[in-house]
Amino acid sequence: MSLSGNFIFFLLLPLIFHAFLLVVRAQNGGVVVSQQLWCVAKNNAEDAALQGALAWACGQGGVDCSPIQQGGPCYDPSDIQQMASYAFNDYYLKHGMTDDSCNFDNSAAVTSLNPSRGSCKFPASSAVKNGNNAGSTATTVGMGTNSADFSGCRQMARAWFWPFITIHFFFVCII
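Residues numbered from 1 in each chain as written. Predicted model: local features only at pLDDT ≥ 70, side-chain atom pairs only at ≥ 80, totals over all residues. Heavy atoms only, no water.

1. Details of the overall build of the protein
Here is step 1 of the chain: Along the backbone of the protein there are four helices and four strands.
Here is step 2 of the chain: N-terminal to C-terminal, the α/β element order of the protein is α-β-α-α-β-β-β-α.
Here is step 3 of the chain: Within the span of the protein, comprising 175 residues, buried residues form 29% of the whole.
Here is step 4 of the chain: In the protein, once contacts between residues fewer than 6 apart in sequence are set aside, the share between residues at least 24 apart is 71%. (Helix = DSSP H or I, 4+ residues; strand = E, 2+ residues; numbered from the N terminus. Buried < 20%, exposed > 50% of the residue type's maximum accessible area, 1.4 Å probe, protein only. Contact = heavy atoms within 4.5 Å.)

2. Structural notes on helix H2 (residues 47-58)
Here is step 1 of the chain: If you check H2, its first and last C-alpha atoms are 16 Å apart, about what twelve residues at 1.5 Å a residue would give, namely 16 Å.
Here is step 2 of the chain: Among all positions of H2, only Leu50, Ala53, Leu54 and Ala57 are buried. End-on view of H2: buried residues confined to an arc of 105°, all on one side of the axis. For H2, the exposed residues lying more than 90 degrees away from the buried face are Ala48 and Ala55.
Here is step 3 of the chain: Buried residues belonging to H2 abut strand E1 (38-41) and helix H3 (80-94). (Expected span 1.5 Å × (residues − 1). Arc of directions from axis to C-beta.)

3. A look at the nonpolar core
Nonpolar side chains in soluble globular proteins tend to be buried together.
Here is step 1 of the chain: Ranked by internal contacts, the top residues of the largest apolar core, which has 28 residues, are Cys39, Leu50, Ile68, Ala87, Phe88 and Phe104.
Here is step 2 of the chain: Looking at this core, the elements with two or more residues in it are E1, H2 and H3.
Here is step 3 of the chain: Apart from the residues lying within four places of it in its own chain, the contact partners of Phe104 are Cys39, Ala53, Trp56, Ala57, Phe88 and Tyr91. (Core = buried A, V, L, I, M, F, W, Y, C linked by side-chain atoms within 4.5 Å.)

4. Side note on the packing of H2 against H3
Here is step 1 of the chain: Remark: H2 packs on H3, axes separated minimally by 9 Å, with the N-to-C direction vectors making an angle of 40°. Judged on the interaxial angle alone, H3 and H2 are oblique. Relative to H3, the crossing made by H2 is left-handed. Contacts between H2 and H3 involve Asp47, Leu50, Gln51, Ala53, Leu54, Trp56 and Ala57 from the former and Ile80, Gln81, Met83, Ala84, Ala87, Phe88 and Tyr91 from the latter.
Here is step 2 of the chain: Within the contact of H2 with H3, the residues separate by chemical class into eleven nonpolar, two polar and one charged. (Axes fitted to C-alpha atoms, helices over the stretch in contact; angles between N-to-C directions. Parallel < 35°, antiparallel > 145°, perpendicular 65-115°, else oblique. Left-handed = near helix turned anticlockwise from the far one by under 90°. Nonpolar A, V, L, I, M, F, W, Y, C, P; charged D, E, K, R; others polar.)

5. A look at the pattern of salt bridges
Here is step 1 of the chain: Enumeration according to the criterion identifies two salt bridges in this entry.
Here is step 2 of the chain: Close ionic contact of Arg117 with Asp79 constitutes a salt bridge, the shortest N to O distance being 3.0 Å. One end of the pair, Arg117, is in the loop between strand E2 (108-111) and strand E3 (128-129); the other, Asp79, is in the loop between H2 and H3, with 38 residues separating them in the sequence.
Here is step 3 of the chain: In this structure, Lys94 engages Asp90 in a salt bridge whose closest nitrogen and oxygen atoms are separated by 3.0 Å. Residue Lys94 and its partner Asp90 are both found in helix H3; the two are separated by four residues, about one turn of the helix.
Here is step 4 of the chain: The partly exposed category is assigned to Lys94, whose relative accessible area is 47%. (Salt bridge = Lys/Arg side-chain N within 4 Å of Asp/Glu carboxyl O.)

6. Comments concerning the packing of aromatic side chains
Here is step 1 of the chain: Following the criterion strictly, the structure yields five aromatic pairs and no others.
Here is step 2 of the chain: Ring centres 5.3 Å apart and planes at 65° place the aromatic pair Trp56 and Tyr91 in the edge-to-face group. You can see Trp56 sitting in helix H2 and its partner Tyr91 sitting in helix H3, a full 35 residues away along the chain.
Here is step 3 of the chain: Each ring, one from Phe88 and one from Phe104, has its centre 4.0 Å from the other, and the planes form 15°; the classification is stacked. In this pair, Phe88 sits in helix H3 while Phe104 sits in the loop between H3 and E2, placing the two residues 16 residues apart along the sequence.
Here is step 4 of the chain: In this structure an aromatic cluster arises from ring pairing among Trp56, Phe88, Tyr91 and Phe104. (Phe/Tyr/Trp six-rings, centres within 6.5 Å; stacked < 30°, edge-to-face > 60°.)

Listed below in structure tokens is the structure:
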């Protein structure tokens, strides 16, 4: 190998090693973004379709509809979308959080935006870590001190910055 070949080899070797370590760390439950999911009524769903799906969910679907019944914290007869969303989400959580459990004749969709309003609190799904369901210990994603670093930028900077600077300094001093 020539001098320039050795230079490139020794420059890239630590970077490749760190990339490998990041992948192994992520696969073994490393720090990866977690978020909560909810099943909600689609904005463009017809009220009649939502009413039918809501009736099914509260009947045959086995959903606990007491929070959306009169006197409940989510009862609002003028907002069929909110009430249907509560029922859809309960069904989704009880039936495995699959695409099929959040369909309701194409009237529902999964979202990461919390649909809770006022005293109407929607239970959240399990956390999603590395693309797998991982229990109910999700981290809220958003702004503030209790939020997850959604971009993962900080972890990436820590993993790459100092090795890169060290290698660069080493080669600048030698050459």
